[in-house]
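Analysis of the macromolecular model
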Amino acid sequence: MIFLVNLLAGLLFGVGLLLSGMANPAKVLNFLDLAGHWDPSLAFVMGGAVAVTMTAYRLSSGLAKPVLDDRFHLPASRAIDGKLMLGAAIFGVGWGLVGLCPGPALVSVLLGAPAIAVFVPAMLVGIAIATWLKRSPATLEKA
Amino acid sequence: MPIETEFTPVASAVGGALIGLAAGLLMLMNGRIAGISGILGRLIMPTVDSKPAQALAFVVGIIAAPLLWTAVLDRSVAQTLTDNLPLAAIAGLLVGFGAAYGGGCTSGHGVCGLARLSPRSVVATAIFMTTAILVVFVSRHLIGGGP
């Protein structure tokens, strides 16, 4: 059941990305291009997504635990630290270079663009390196 | 040269609402944040609590979405993307590294985090929006020839 929920949530998320235009990097770059042919559509994606998510999270905050799990798995960190800021800055640079972030990249895997075949494996390597760095004791001490 | 795209407020807001429904479903049922970089991290760098099989089911769902889209709507997905493969590789590495190092991407910080009113996510979203806008400005208006 829990796998079915995850599969369905992934499908919904993916269809949402396709319908919204987020899966088209040209649209993403035009949103980010304030000085060019600015396309404000993605502000509507974010607005719609945040409004519905916020409503659902309000509902879930009334529950002692999720329906199919024994507890809520919420981010533990509350620190606004160097890792958060450096990571976000680097992420933004990569996003601005080609207009792809992780969700739209994944939803494009079966669409056959050569750039996706390069982008997705590189993204997985990046995630693996950063996760490994964050878990190693040396970086924990420095942070 | 950059191509113009059509302003699509209704489709974009409805698409966003579907993304929100998915995020809400995942929290209500599974107690998890619908952050794509986080879900990929749970899958490829598993820990005791990361439940990689659940993460895989979500990833399969996202990847399969275009099949459902084409089957139901009988039209292909419009996508215009760079053909500069070295640039795509560098961008992929930066996106993956930055999202995992900063604890989230457009979905984890930009949607789920903002919906939780998380101060970390507000800061992260402001920073990645700013650097992305700067990179697009530099590549399109200062250097030129950007995608």
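Cut-offs and rules
Residues numbered from 1 in each chain as written. Chains lettered and ligands numbered in written order. Predicted model: local features only at pLDDT ≥ 70, side-chain atom pairs only at ≥ 80, totals over all residues. Helix = DSSP H or I, 4+ residues; strand = E, 2+ residues; numbered from the N terminus. Buried ≥ 20, exposed ≤ 12 C-beta atoms within 10 Å, placed from the backbone. Contact = placed C-beta atoms within 7 Å. Nonpolar A, V, L, I, M, F, W, Y, C, P; charged D, E, K, R; others polar. Core = buried A, V, L, I, M, F, W, Y, C linked by C-beta atoms within 7 Å. pLDDT = per-residue confidence, 0-100. Axes fitted to C-alpha atoms, helices over the stretch in contact; angles between N-to-C directions. Left-handed = near helix turned anticlockwise from the far one by under 90°. Expected span 1.5 Å × (residues − 1).

Quick look at the overall build of chain A
- Scanning chain A for helices and strands turns up seven helices and zero strands.
- The linear arrangement of helices and strands in chain A, starting from the amino end, is α-α-α-α-α-α-α.
- Each of the three principal axes of chain A carries a C-alpha extent, and together these read 45 × 40 × 30 Å.
- When the 143 residues of chain A are sorted by exposure, 51% land in the buried category.

Topic: the overall build of chain B
- When helices and strands are counted, chain B shows six helices and zero strands.
- Secondary structure of chain B in N-to-C order comes out as α-α-α-α-α-α.
- Its C-alpha atoms give chain B principal-axis dimensions of roughly 45 × 40 × 30 Å.
- Expressed as a percentage of contacts within chain B between residues at least 6 apart in sequence, the contacts between residues at least 24 apart total 41%.

Considerations on the interface of chain B and chain A
- Between chain B and chain A, the residue contacts involve 104 residues of the former and 107 residues of the latter.
- Broken down by secondary-structure element, the contributors of at least two residues to the side of chain B that touches chain A are helix H1 (9-30), helix H2 (36-44), helix H3 (52-73), helix H4 (85-101), helix H5 (108-115) and helix H6 (119-143) of chain B.
- At 21 residues, H1(B) tops the list of elements feeding residues into the side of chain B that touches chain A.
- Of the residues that constitute the side of chain B that touches chain A, the class distribution is 70 nonpolar, 27 polar and seven charged.

So, the nonpolar core
- Phe91(A), Phe119(A), Ala22(B), Ala23(B) and Val95(B) are the most contacted members of the largest nonpolar core, which has 89 residues in total.
- Examining the composition of this core, we find that ten residues originate from one element, H1(B), more than from any other.
- The residues contacting Phe91(A), other than those within four sequence positions of it, are Leu94(B), Val95(B), Gly98(B), Ala99(B), Gly102(B), Cys105(B) and Phe128(B).

Here's the deal with the confidence of the model for chain A
- In this model, chain A carries an average pLDDT of 94, and 95% of its residues clear a pLDDT of 70 or more.
- Here helix H7 (residues 137-142) of chain A stands out as the least confident element of chain A, with mean pLDDT 54; helix H5 (residues 102-107) of chain A is the most confident, with 98.

Points about the packing of helix H6 (residues 114-135) of chain A against H4(B)
- Their axes nearest at 6 Å, the elements H6(A) and H4(B) cross at an angle of 30 degrees. For the crossing formed where H6(A) meets H4(B), the hand is right-handed.
- Looking at the contact of H6(A) with H4(B), its residues break down into 23 nonpolar, four polar and one charged.

Observations regarding the environment of Ile2(A)
- Mapped onto the elements of the fold, Ile2(A) is located in helix H1 (residues 2-20).
- As for Ile2(A) and Val67(A), which are separated by 65 residues in sequence, their C-alpha atoms are 9.6 Å apart.
- Those residues in contact with Ile2(A), other than ones at most four positions away along the chain, are Leu68(A), Asn30(B) and Gln54(B).

Concerning the packing of H5(B) against H6(B)
Residue and element names in this part refer to chain B.
- Contact geometry of H5 with H6 gives a least axis separation of 8 Å together with a crossing angle of 145 degrees. Judged by the sense of rotation from one axis to the other, the crossing of H5 with H6 is left-handed. Taking contact as the criterion, the partners of His109, Gly110, Gly113 and Leu114 in H5 are, on H6, Arg120, Ser121, Val122, Ala124 and Thr125.
- In the contact of H5 with H6, the residues fall into three nonpolar, five polar and one charged.

A short note on H1(B)
All names here are of chain B.
- In this model, H1 (22 residues) spans 31 Å end to end at C-alpha, consistent with the 32 Å of a helix rising 1.5 Å per residue.
- Most of H1 sits inside the fold, with 16 of its 22 residues counted as buried.
- Trailing H1 by a residue or two, Gly31 shows a phi angle of about 70 degrees, which is positive.

A word on the environment of Val72(B)
- With respect to the secondary-structure elements, Val72(B) resides in helix H3.
- Between the C-alpha atoms of Val72(B) and Leu26(B), which are 46 residues apart in sequence, the distance is 24 Å.

A closer look at H6(A)
- Taking 1.5 Å of rise per residue, 22 residues should cover 32 Å, and H6(A) covers 33 Å from first to last C-alpha, within 8% of that figure.
- For H6(A), every residue scored as buried is listed here: Ala115(A), Ile116(A), Phe119(A), Val120(A), Ala122(A), Met123(A), Leu124(A), Gly126(A), Ile127(A), Ala130(A) and Thr131(A).
- Buried residues in H6(A) make contact with helix H4 (82-98) and H5 of chain A together with H2 and H4 of chain B.

Observations concerning the confidence of the model for chain B
- Per-residue pLDDT for chain B has a mean of 94; in total, 97% of the residues score no lower than 70.
- Our summary of model confidence lists the complex with pTM equal to 0.95 and ipTM equal to 0.95.

As for unusual backbone geometry
Residues and elements named next belong to chain B.
- With a phi angle near 45 degrees, Lys51 is a residue other than glycine that sits in the positive phi range.
- Tracing the backbone shows Lys51 in the loop between H2 and H3.
- Judged by C-beta crowding, with 20 C-beta atoms within 10 Å, Lys51 ranks as buried.
- With phi around 55 degrees, Asp74 is a residue other than glycine that occupies positive phi space.
- Locating Asp74 in the fold gives a position in the loop between H3 and H4.

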